[in-house]
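Results of the structural survey
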Amino acid sequence: QVQLVESGGGLVQPGGSLRLSCAASGSISSIYTMGWYRQAPGKQRELVATITSGDIPNYADSVKGRFTISRDNAKNTVYLQMNSLKPEDTAVYYCIYRAGVAGFLSPRTWGQGTQVTVSS
């Protein structure tokens, strides 16, 4: 079992920045992907960004150039630096963890979510 604990959400004005963190604990695989999804009110949950054990990032088109995902393997932690935030970025952000490599990934483990609100 893997547990995920997110932090860093909050209220920010348009154009501002926030940094989300997600720490994984428990039975952590030696190879794993972590990342972030988000869900806005009335919308489906969508991918924001992921990062593999080889530090290869993948971003949704809507956040490219504004968000940066990174990881600290020693701490089993993934970060999401969010800059130039827009009101449409408002959502609950969920951390995910998947053991294994592409094509052989485990089901996603989800965090509890952290609210990000972008509003003036």
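Use the structure listed above.
Residues numbered from 1 in each chain as written. Predicted model: local features only at pLDDT ≥ 70, side-chain atom pairs only at ≥ 80, totals over all residues. Heavy atoms only, no water.

1. Structural notes on the nonpolar core
In this structure, Met34, Trp36, Leu80, Met82 and Tyr93 are the most contacted members of the largest nonpolar core, which totals 30 residues. Breaking this core down by element, the ones donating at least two residues are strand S1 (2-7), strand S3 (18-26), strand S4 (32-39), strand S5 (46-51), strand S7 (67-72), strand S8 (77-82), strand S9 (91-99) and strand S11 (114-118). Contact partners of Met34, with chain neighbours within four places excluded, come to Leu4, Cys22, Ala24, Thr50, Ile51, Ile69, Arg71, Asn76, Val78, Cys95, Ile96 and Tyr97. (Core = buried A, V, L, I, M, F, W, Y, C linked by side-chain atoms within 4.5 Å. Buried < 20%, exposed > 50% of the residue type's maximum accessible area, 1.4 Å probe, protein only. Helix = DSSP H or I, 4+ residues; strand = E, 2+ residues; numbered from the N terminus. Contact = heavy atoms within 4.5 Å.)

2. Observations regarding the sheet that holds S1
Strand order in the open sheet formed by four strands is S1-S3-S8-S7, and the pairing between neighbours is antiparallel. Two strands bound the open sheet, and with one partner strand each, they are S1 and S7. Here the average twist between neighbouring strands, direction ignored, is 15°. Two elements, S1 and S3, share six bridges in a ladder whose sense is antiparallel. Residue Leu4 lies in a different strand from S3, and its bridge partner there is Ala24. (Pairing = 2+ DSSP bridges. Axes fitted to C-alpha atoms, helices over the stretch in contact; angles between N-to-C directions.)

3. Overview of the pairing of S11
Here S11 shows a clear split, with Thr114, Val116 and Val118 buried on one side and none of Gln115 and Thr117 buried on the other. As paired elements, strand S2 (residues 10-12) and S11 share three bridges and run parallel to each other. The residue bridging Gly10 from the neighbouring strand is Val116, located in S11. Judged from the three bridges that link them, S9 and S11 form a sheet pairing that is antiparallel. When the bridges of S11 are listed, Ala91 appears paired with Val116.

4. Thoughts on the pairing of S9
Burial analysis of S9 places eight of its nine residues in the buried class, the great majority of the element. Across eight bridges, S4 lies against S9 in antiparallel orientation. Note on S9: the bridge partner recorded for Gly35 is Ile96. Relative to strand S10 (residues 109-110), S9 is paired through two bridges, and the arrangement is antiparallel. If you follow Tyr97 over to S10, its bridge partner there is Thr109.

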